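What follows is each chain in one-letter form.
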Amino acid sequence: KRSMAAGAGGLLAAALLLAVAGPRPAPAELTDGNSEHLKREHSLMKPYQGAGSAAMPLWDFQGSTMVTSQYVRLTPDERSREGSIWNRVPCFLKDWELHVHFKIHGAGKKNLHGDGLALWYTQERLVPGPVFGSKDNFHGLAIFLDTYPNDEATERVFPYISAMVNNGSLTYDHSKDGRWTELAGCTADLRNQNHDTFLAIRYSRGRLTVMTDVEDKNEWKNCIDIAGVQLPTGYFFGASAGTGDLSDNHDIISMKLFQLMVEHPLEDESVDWTKIEPSVSLLKSPKDNVDDPTGNFRSGPLTGWKVFLLLLCALLGIIVCAVVGAVVFQKRQERNKRFY
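In this report, the structure presented in the accompanying data block is examined. (Residues numbered from 1 in each chain as written. Predicted model: local features only at pLDDT ≥ 70, side-chain atom pairs only at ≥ 80, totals over all residues. Heavy atoms only, no water.)

## Here's the deal with the sheet that holds strand β5 (residues 96–105)
- Taken in spatial order, the seven strands make up an open sheet running β2-β3-β15-β5-β10-β11-β12, and their pairing is antiparallel. Strand pairing shows two members of the sheet lacking a second neighbour, β2 (66–67) and β12 (221–226), which therefore form its edges.
- In this structure, strand β10 (residues 197–204) lies alongside strand β11 (residues 207–213), joined through seven bridges in antiparallel fashion. Bridge pairing links Arg202 to Thr209 in β11. (Pairing = 2+ DSSP bridges. Helix = DSSP H or I, 4+ residues; strand = E, 2+ residues; numbered from the N terminus.)

## Quick word on the side chain of Asn87
- If you trace the backbone, Asn87 turns up in strand β4 (residues 82–87).
- Only 2.7 Å separates the side chain of Asn87 from the side chain of His42, close enough to count as a polar contact.
- Not counting residues up to four positions away in its chain, the partners in contact with Asn87 are Glu41, His42, Leu58, Trp59, Arg125, Phe236 and Phe237. (Polar contact = N/O pair within 3.5 Å; in protein donor to acceptor, adjacent residues only side chain to side chain. Contact = heavy atoms within 4.5 Å.)

## Description of the nonpolar core
- If you look at the biggest cluster of nonpolar residues, it comprises 48 residues, and the most contacted ones within it are Trp96, Leu119, Leu145, Ile201 and Ile252.
- Counting residues per element, this core draws most heavily on β5, which supplies five residues.
- Not counting residues within four places of it along the chain, the set of residues in contact with Leu145 comprises Phe102, Ile104, Asp115, Gly116, Leu117, Leu119, Phe132, Tyr160, Ile161, Leu190 and Leu199.
- Judged by nonpolar contacts, the second largest core, of eleven residues, contains Phe132, Phe138, Phe144 and Phe236. (Core = buried A, V, L, I, M, F, W, Y, C linked by side-chain atoms within 4.5 Å. Buried < 20%, exposed > 50% of the residue type's maximum accessible area, 1.4 Å probe, protein only.)

## A short note on the environment of Ala107
- Structurally, the position occupied by Ala107 is in the loop between β5 and β6 (116–122).
- A relative accessible area of 60% places Ala107 in the exposed class.
- Through-space distance from the C-alpha of Ala107 to that of Ser247 is 8.6 Å; in sequence the pair is 140 residues apart.
- Look past the residues within four positions of Ala107 in its chain and what remains in contact with it is Asp77 and Arg191.

## Things to note about the sheet that holds β6
- Strand order in the open sheet made by the seven strands is β1-β4-β14-β6-β7-β8-β9, with antiparallel pairing throughout. The open sheet is flanked by β1 (59–63) and β9 (184–187), the only strands paired with a single partner. Direction aside, neighbouring strands of the sheet carry axes that sit 15° apart on average.
- Examined bridge by bridge, β1 and β4 share five bridges and lie antiparallel to one another. (Axes fitted to C-alpha atoms, helices over the stretch in contact; angles between N-to-C directions.)

## Here we look at the packing of aromatic side chains
- Taken as a whole and judged by the stated rule, the model has twelve aromatic pairs.
- Ring plane angle 85° and centroid distance 5.7 Å describe the contact between Trp120 and Phe144, whose orientation is recorded as edge-to-face. You can see Trp120 sitting in strand β6 and its partner Phe144 sitting in strand β7 (residues 139–146), a full 24 residues away along the chain. The two residues Trp120 and Phe144 agree in class, both being buried.
- Aromatic rings pair up to connect Trp86, Trp120, Phe132, Phe138, Phe144 and Tyr172 into one cluster.
- When the ring centre of Phe236 is taken as reference, the NZ or CZ atom of Arg125 above it lies at 5.3 Å.
- Above the ring of Trp180, the side-chain terminus of Arg179 is found at 5.4 Å from the ring centroid. (Phe/Tyr/Trp six-rings, centres within 6.5 Å; stacked < 30°, edge-to-face > 60°. Lys NZ or Arg CZ within 6 Å of the ring centre and 35° of its normal.)

## Looking at the state of the cysteines
- Here the structure, examined in full by the defined rule, presents one disulfide.
- Between Cys186 and Cys223 runs a disulfide, and the two sulfur atoms are separated by 2.0 Å. Residues Cys186 and Cys223 share a disulfide whose torsion about the S-S bond is about -100°; that sign makes it left-handed. Of the two residues, Cys186 is situated in strand β9 and Cys223 in strand β12; the sequence distance between them amounts to 37 residues.
- Here Cys186 falls in the buried class, since its relative accessible area comes to 15%. (Disulfide = S-S within 2.5 Å.)

Okay, structure coming up:
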């Protein structure tokens, strides 16, 4: 069985991880990802039903997507192509884990390939657009596997994996590789590998974790770990990819969704999880603090709380100056009286 390493900080759900099926040993404290927890209605696995046709029972696809017996190719290694595949069944699980077996490869050499692949859990489905073949201003979660640096000033090493949560109000900025709306990310050498490459997305009790297995080491590596994430139920899973002047083959080999058996507080039972707005509770806005490979932060545009603090500091400064001025004026008046 394939295993998942426990996340940083001793995640509460670590003992309930679901592993990808395969010939890899799993630690005793982890569940084995067997069919008991595999949700087949949300999973895409070989043999694909409907391969070679334009119809699949549980999945819809569009654009340049082609279903073969070995993979679902979202885009061929050709310019200006885009494609996607979407689950037809909305997911009503509060806690889940998605394991994706994928392959990104092509003839392009260093920095001569693109653009990348996106994995989605969103309200909208089958809507083409500029964000790796799918729509902008979406509602839900996106994980981007970006293979080309559009921002020439970036210090990041590509390919780069990043996460974004959107309530429909945010726009993904391709020219900045999505830095202003990114929650977190990591570099991953996932392109043109001769071995299998995997990515896992876990969402449990408001915590989003993304892990990779792209180095042929038979182990998961931490990439993203964010608390305070709110995602509603009833959204759809999907994958999309796009090419521009540069291109790649973007293949999905499998998408396996597992249900995590996690206990929730009693007050959660009264919540209508379908009405929750996608959001993230962060001490720092992703627009304000954009990380680079050195661990430093680059300043972004001012947001509401920054403006408030600046105004508060300015007001306090004015009050202090006024008090000091009044004291100085009073002392001068007293000296003038003694002189006369």
